Amino acid sequence: GGGAMGLSTALHLLQAPGGQAPKITVVERDFSFARNSAALSAGGVRTQFSLRENVECSLYGLEVFKKGGLNRLIRGIRGGDGASA
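Residues numbered from 1 in each chain as written. Predicted model: local features only at pLDDT ≥ 70, side-chain atom pairs only at ≥ 80, totals over all residues. Heavy atoms only, no water.

Draft legend 1. Focus on the overall build of the protein chain. When helices and strands are counted, the protein chain shows 4 helices and 0 strands. Listed by position from the N terminus, the elements making up the protein chain come as α-α-α-α. Per-residue burial over the protein chain gives 21% buried out of 85 residues. For the protein chain, the share of sequence-separated contacts (at least 6 apart) that also reach a separation of at least 24 residues comes to 56%. (Helix = DSSP H or I, 4+ residues; strand = E, 2+ residues; numbered from the N terminus. Buried < 20%, exposed > 50% of the residue type's maximum accessible area, 1.4 Å probe, protein only. Contact = heavy atoms within 4.5 Å.)

Listed below in structure tokens is the structure:
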């Protein structure tokens, strides 16, 4: 879907090394991406975990959001500038 997990997966698949990017299909009921689970949540990114690996994953996710990676992918899906999908 077009929430944080689905778009993040699509973004990372598009950026995978090894030559030509695969064709990715994101299935989302709301093409404006305004009503997906991530857009409607009041949550944040949790960084308080007992395992170092979980903290590192959360901090990486924060960096993706800060750099606008998911917004760039949405623009690409819509046909604007950004990653191709």
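Draft legend 2. Molecular detail of helix α3 (residues 52-66). For α3, with 15 residues, the first-to-last C-alpha span of 21 Å sits near the 21 Å given by 1.5 Å per residue. At the exit of α3 stands G68, carrying a positive phi of roughly 75 degrees. (Expected span 1.5 Å × (residues − 1).)

Draft legend 3. Structural detail: helix α1 (residues 4-14). Those residues of α1 lying buried are L7, A10, L11 and L14. Each buried residue of α1 lies within a common arc of 100 degrees when the element is viewed along its axis, so the set occupies one face. (Arc of directions from axis to C-beta.)

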